[in-house]
Amino acid sequence: GAVVSQHPSWVICKSGTSVKIECRSLDFQATTMFWYRQFPKQSLMLMATSNEGSKATYEQGVEKDKFLINHASLTLSTLTVTSAHPEDSSFYICSAGGQNQETQYFGPGTRLLVL
Amino acid sequence: AQSVAQPEDQVNVAEGNPLTVKCTYSVSGNPYLFWYVQYPNRGLQFLLKYITGDNLVKGSYGFEAEFNKSQTSFHLKKPSALVSDSALYFCASGYSTLTFGKGTMLLVSP
């Protein structure tokens, strides 16, 4: 149980285009999902907290107009990187809270490369 | 504010030997503490957590962690390391919103 998937697992795009990343909880409902960004050999940086049916809460320094988050259902949250630039290249990881909300279960991550 | 420190960037251990990956925390109130493992180009896998109860917590893949309130530590341990345990390990604290340590690379040599 407590499986979280992400799609795509990797994506290469041209500068200026938008990229959508999906995060799904496969066997449980997740009221809250989280989006992280990880740079090589560094820790995870929380970008935003996504709540089903409401606006996401962004961490300080994260541009909400650049990183659009939608949490349309209890099993799906999406992160759209708008007008992507090379500096947006990173590893994006989502997580979802299980029944015991104190434990987060992580997706496998999405590697984004912007050329 | 809460913070988590992993003082070692890397831990090297020979297969079959015991391993310890260190973590100290600074939180107000009762700490919620977690260990996650990350294999290359993958997301994080949950290993174990301490919420309340016994100070020795047993988790996945033979790992365990000991909560020490006086030393504000939550070190990850395993009695006998495997080469396949080589990965990046993260300590984290928090309820719902997690604060992560910087990670410790564990390298287990054959």
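Above this text is the structure in question.
All values reported here derive from a predicted model rather than from experimental measurement. Along each chain, residue indices are assigned from 1 in the same order as the chain's sequence is written. Both sets of labels track the order of writing: A upward for chains, 1 upward for ligands. Whole-chain, interface and lining totals are the exception, using all residues; otherwise, since this is a predicted model, local features are given only for residues with pLDDT of at least 70 and side-chain atom pairs are given and counted only at 80 or more. Water and hydrogen atoms were dropped before computing side-chain values, which therefore reflect all heavy atoms in the structure.

(A) Expanded view of the packing of aromatic side chains. The criterion for an aromatic pair is that two Phe, Tyr or Trp rings (for Trp, the six-membered ring) have centres within 6.5 Å, with stacked assigned to planes under 30 degrees apart, edge-to-face to planes over 60 apart and tilted to the rest. Within this structure, the stated rule accounts for 15 aromatic pairs over all chains. When the centroid spacing of 4.1 Å and the interplanar angle of 15° are considered together, the rings of Tyr50(B) and Phe67(B) count as stacked. Linking Tyr50(B) in strand β6 (residues 44-50) with Phe67(B) in strand β8 (residues 64-68), this pair joins segments that are 17 residues apart in sequence. One exposure class covers both Tyr50(B) and Phe67(B), and it is buried. Plain terms: the ring middles of Tyr50(B) and Phe74(B) are 6.4 Å apart, the flat faces sit at 55° to each other, and that makes the pair tilted. With Tyr50(B) in strand β6 and Phe74(B) in strand β9 (residues 73-78), this pair connects stretches of sequence that are 24 residues apart. Through a chain of ring-to-ring contacts, the aromatic side chains of Phe28(A), Tyr36(A), Tyr105(A), Phe106(A), Phe34(B), Tyr36(B), Phe46(B), Phe90(B) and Phe100(B) assemble into a single cluster. Helix and strand definitions follow DSSP, with helices as H or I runs of at least four residues and strands as E runs of at least two, each counted in order from the N terminus. Throughout, exposure labels follow a simple rule: accessible area from a 1.4 Å probe, protein chains only, divided by the maximum for the residue type, with under 20% read as buried, over 50% as exposed, and the rest as partly exposed.

(B) Region of the structure containing unusual backbone geometry. Here the bond from His7(A) into Pro8(A) is cis, since omega is 0°, no more than 30 degrees from zero. As for its position among the elements, Pro8(A) is in the loop between β1 (4-7) and β2 (10-13). If you check the backbone angles, Tyr61(B) has positive phi at about 60° while not being a glycine. Considering the arrangement of structural elements, one finds Tyr61(B) in the loop between β7 (56-58) and β8. Unlike most non-glycine residues, Thr72(B) shows phi in positive territory, near 45°. Looking at the element boundaries, Thr72(B) is found in the loop between β8 and β9. A relative accessible area of 30% places Thr72(B) in the partly exposed class.

(C) Representation of the pattern of salt bridges within the structure. All names here are of chain B. We define a salt bridge as a contact between a side-chain nitrogen of Lys or Arg and a carboxyl oxygen of Asp or Glu at a distance within 4 Å. All told, the structure shown has six salt bridges over all chains when counted by the stated rule. With a shortest N-O distance of 2.9 Å, Glu 64 and Lys 58 are connected by a salt bridge. According to the relative accessible area criterion, Lys 58 is exposed, its value standing at 62%. One salt bridge connects Asp 85 with Lys 78, and the closest N-O pair in it is separated by 2.8 Å.

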